[in-house]
Amino acid sequence: MFASLGGKTVIVTGASRGIGKGIALRFAEAGLNVVVVSRRLDEAQAVAALCGPKAIGVAADVATTAGCAAMVAAAVEAFGGIDILCANAGIFPSATLGTMTEADFDTVIDTNLKSLFLSVSACLQELKKSGAGRIVITSSITGPITGYPGWSHYGASKAGQLGFMRTAAIELAPKKITVNAVMPGNIMTEGMEGMGPDYIAAAAASIPQKALGVVADIANAALFFASGEAGYITGQTLVVDGGQVLPESPAAMEAMG
Ligand code: NAP
């Protein structure tokens, strides 16, 4: 699809399963060297094996400076540099206000938002060397556009990613690095399975296309932002949600039958 990507190197965080795994597989298919990152080495290596011979699995906690340094070191050792960072790792535990603890809040912010700062900081030198560096964030519709009970911390982390993105895009533009975000709606992943069948059925019913998305839907959007063809796009978002954010009321959905 994008001729400009072959031979480049991508780090995909949170790639042992779900959307990150989908991104890793799609980028491998497009001819990139892929660094599959998760906290579990066995799982990361299993996905790397599916990606093929030009992929490695790395164990790293991206909520820590040491973890991010380790993933960069592994990428440089294996492939000589980094062209693209897909900052995808994230968690979405549920806790409503009144029950949410300070530790709950900190864990979500550290994993989803601080990890973005740490990952970008760790990759920065290599992305500058690339001459056409790309940062692709997996944000969400939840936070930037919508809300959902139990996810005030999650929504804050995902909206915070976009605030980070807009200033990072300005700061890094002179270095020819773009920073963009995909905003998924409800995508069928292992993490989503954990929400249970009732949540999934209700989510599908609320989407004009009447189905959850699949990981390839997000991976294709990420691949576009990563491509040379998207080089003049920075600080932007792309909602990939089957139209979920569009109905102005339940009546708008009911009118569709
Ligand atoms: P998932 O199936 O639960 O997978 C999450 C991935 O993140 C796993 O590979 C996990 O690997 C990794 N991870 C978690 N904490 C990490 C850490 N501290 N360091 C490194 N890796 C870590 O989740 P998903 O549904 O694919 O979601 C992926 C991203 O998409 C998240 O940022 C999420 O917020 C966003 N998103 C998802 C949806 C959706 O509907 N699924 C919608 C909007 C946005 P290990 O456990 O092996 O570390």
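Above this text is the structure in question.
This one's a predicted model, so the numbers in the text were calculated from it and none came from an experiment. All residue numbers refer to positions counted from 1 along the written sequence of the respective chain. Thresholds applied to this predicted model are a pLDDT of at least 70 for local features of residues and 80 or more for the giving and counting of side-chain atom pairs; totals over whole chains, interfaces and linings are not thresholded and use all residues. The basis for the side-chain values is all heavy atoms of the structure; hydrogens and waters are excluded.

1. Notes on the site of the ligand
Condition: Here a residue is near a molecule or strand as soon as one of its heavy atoms is found within 4 Å of it. The term polar contact refers here to a pair of N or O atoms within 3.5 Å; inside protein, the definition further demands a hydrogen-donor-capable atom paired with an acceptor-capable atom, and it admits residues adjacent in sequence only when both atoms are side-chain atoms. Helix numbers and strand numbers start at the N terminus; a helix is a DSSP run of H or I with at least 4 residues, a strand a run of E with at least 2. All amino acids are sorted into three groups, where Ala, Val, Leu, Ile, Met, Phe, Trp, Tyr, Cys and Pro are nonpolar, Asp, Glu, Lys and Arg are charged, and the leftover types, Gly among them, are polar.
Of all residues adjacent to the ligand, which total 31 residues, the nearest are S16, R17, R40, Y154 and T189. At 2.7 Å, a side-chain N or O of S16 approaches an oxygen atom of the ligand. R39 is positioned with one of its side-chain polar atoms (N or O) 2.7 Å from an oxygen atom of the ligand. Those elements that provide at least two residues to the shell around the ligand are helix 1 (18-29), helix 5 (152-172) and helix 6 (190-193). Broken down by element, the shell around the ligand gets its largest block of residues, three residues, from helix 6. A per-class count over the shell around the ligand returns 11 nonpolar, 14 polar and six charged.

2. Some remarks on the pairing of strand 5 (residues 134-138)
Put simply, the rule is: Think of it in three bands: with a 1.4 Å probe and only protein chains considered, a residue is buried below 20% of the maximum accessible area for its type, exposed above 50%, and partly exposed in between. Two strands pair if DSSP finds at least two bridges between them. The definition of a right-handed crossover adopted here requires that, viewed with the strands pointing away, the path from the first strand over the helix to the second runs clockwise.
Of all the five residues making up strand 5, five are buried; the element is thus mostly covered by neighbouring parts of the structure. Side chains R134, V136 and T138 of strand 5 all project onto a buried face; the interleaved residues I135 and I137 project onto the opposite face, where all are buried too. The sheet contact formed by strand 4 (residues 84-87) and strand 5 spans four bridges and is parallel. Within the sheet, the bridge partner assigned to C86 lies in strand 5 and is V136. In this view, the connection linking strand 4 to its parallel neighbour strand 5 by way of helix 4 (residues 102-130) has right-handed handedness. For the handedness criterion, the β-α-β arrangement of strand 5, helix 5 and strand 6 (residues 178-184) is classed as right-handed.

3. What to know about the sheet that holds strand 1 (residues 9-13)
The strands that make up a sheet are held in pairs by hydrogen bonds between backbone atoms, and each pair lies either parallel or antiparallel. What counts is decided by this rule: Orientation is described by lines fitted to C-alpha atoms, with helices fitted over the stretch in contact, and by angles between N-to-C directions that extend from 0 to 180 degrees. We call two residues in contact whenever any of their non-hydrogen atoms come within 4.5 Å of each other.
One open sheet holds the seven strands; their spatial order is 3-2-1-4-5-6-7, and the pairing between them is parallel. At either end of the open sheet lies a strand with only one pairing partner, and these are strand 3 (55-59) and strand 7 (237-240). Here the average twist between neighbouring strands, direction ignored, is 15°. Sheet analysis places strand 6 next to strand 7, joined by four bridges and oriented parallel. Counted as the bridge partner of A181 is T237 from strand 7. Across the sheet, helix 8 (residues 215-226) is in contact with strand 4, strand 5, strand 6 and strand 7; its angle to strand 6 comes to roughly 165°.

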